[in-house]
Structure formats: C-alpha cells, structure tokens
Amino acid sequence: EKLSDEVTAVRLRIGIVLGREGGALKPFLLASRMRILPIMGSGKQVYSFIHIGDLIAAIRFIIHGRQEGIYHLCAPHPVDNATFTRSLSKIGRRKWVVRVPVFMLRLALGEAHIMVTEGPRVLPARLLQEGFVFRFPDIDSALVNLVKKH
C-alpha cells in the first residue's frame, strides 16, 4: 500500500516462530527435558510455523526489494500439531508423546488455550512467487537445525 511517493507500507502476518532462545519451541523443549511431549487437544490444528532464520531472511528480502503490501511469513509446508510433536519426538529422541485434552488446556491456559488448539492453514504464496527461498521449508529441517544443536 503506497502512503506517499516516498513511503510504502508492508503488513507482515507472522506464523508460529521457532527458535532456540524463545518463541513457540521453548515450552516443547522444556517438556522434552522431562522426556514427555504433548499433543494439544485433537492434534489436528494447523501450525503455520517459520524458523527464526527464515523469518529474518524474509524480512530482509522484503526490505531490500522495497516491497509493499501484505506478506504471510511462514514456511511453505505447515503441519498439524500431532505431526509437529511426533517430529520433535523423533529428532529429539524422546519416547513419550501424550495427548493433553482440551479441557485441561482450558483450565491451565484460560482463553489462551485457543492459541494452541486452533490454527489457520497459511501459506507464503507471495514470498514464493517473488523468489524467496526458504532454508527450512518443512518441520523436519527446522527442528533438526534447532534441536540438534542443543
């Protein structure tokens, strides 16, 4: 969206950010230290995630290209919660995967439980059309990079 001859606006819609130091992966890594990984509710909710390295690279790509408009910053291969948890279990060599019922999440998190039990499937169509290349396009490549270095 062009605001004037000199100023453009970009709207970034950022998916679930995965990084070693924080973001959505941190609670899972804490749980994995107890050798347990949770599948939240049904496990069918979609995680449109992005590796922190790809997030930074995508923002730079947009800035350097002097782009404008709306961008979805998430990996091109979203996964459901159950697939995410099983992949983390496999990569992190954790054996125990447990399902956490929605009512327990509601008790523990209140209304925030919606953030882990519901999620839209979002794709980075515009980034891909403009030639951005993801280093971590799928959950396995992202988690191998983030977990194997721990």
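For the structure given in this document, a descriptive report is provided here. All figures in this text were calculated on a predicted structure; none of them were measured in a lab.

Take unusual backbone geometry next. The residue Arg66 is not glycine, and still its phi comes out positive at about 50 degrees. Within the fold, Arg66 resides in the loop between α2 (52-64) and β6 (69-73). Accessibility expressed as a relative area gives 72% for Arg66, which makes it exposed.

Aromatic ring pairs are described here by two measures, namely the spacing of the ring centres and the angle between the planes. Evaluated as defined, the whole model comprises 3 aromatic pairs. A centroid spacing of 5.4 Å and a plane angle of 65 degrees characterise the contact between Phe61 and Phe132, whose relative ring orientation is edge-to-face. With Phe61 in helix α2 and Phe132 in the loop between α6 (125-129) and α7 (139-147), this pair connects stretches of sequence that are 71 residues apart. Note on Phe132 and Phe134: the rings are 4.9 Å apart at their centroids and 90 degrees apart in plane angle, and the pair reads as edge-to-face. For Phe132, a relative accessible area of 8% corresponds to the buried category. Among the aromatic side chains, those forming a connected cluster through ring pairs are Phe61, Phe132 and Phe134.

Let us now look at the nonpolar core. One finds Leu25, Phe28, Phe84, Leu88 and Leu143 to be the most contacted residues of the largest nonpolar core, which totals 21 residues. Of all elements in the fold, only α1 (25-33), β3 (36-40), α3 (81-91) and α7 reach the threshold of two or more residues within this core. Here the element with the most residues in this core is α7; it accounts for 5 residues. Not counting the four nearest positions on each side in its chain, Phe84 is found in contact with Leu18, Leu25, Phe28, Tyr47, Val79, Ile139 and Leu143. If you look at the next biggest cluster of nonpolar residues, it comprises 9 residues, including Ala58, Ile62, Leu73 and Phe132.

Between its terminal C-alpha atoms α2 stretches 18 Å, which fits the 18 Å expected from 13 residues at 1.5 Å a residue. Turning to α2, its buried residues number three or more, namely Asp54, Leu55, Ala58 and Ile62. Projected down its long axis, α2 carries its buried residues within an arc of 105 degrees, all on one side. Facing away from the buried side of α2 by over 90 degrees, the exposed positions are Arg60, Ile63 and His64. Looking at the buried residues of α2, the elements they touch are β1 (10-14), β2 (16-18), β5 (49-51), β6 and α6. Positive backbone phi, at 50 degrees, marks Arg66, one or two positions downstream of α2.

Conventions used here
Residues numbered from 1 in each chain as written. Predicted model: local features only at pLDDT ≥ 70, side-chain atom pairs only at ≥ 80, totals over all residues. Heavy atoms only, no water. Helix = DSSP H or I, 4+ residues; strand = E, 2+ residues; numbered from the N terminus. Buried < 20%, exposed > 50% of the residue type's maximum accessible area, 1.4 Å probe, protein only. Phe/Tyr/Trp six-rings, centres within 6.5 Å; stacked < 30°, edge-to-face > 60°. Core = buried A, V, L, I, M, F, W, Y, C linked by side-chain atoms within 4.5 Å. Contact = heavy atoms within 4.5 Å. Expected span 1.5 Å × (residues − 1). Arc of directions from axis to C-beta.

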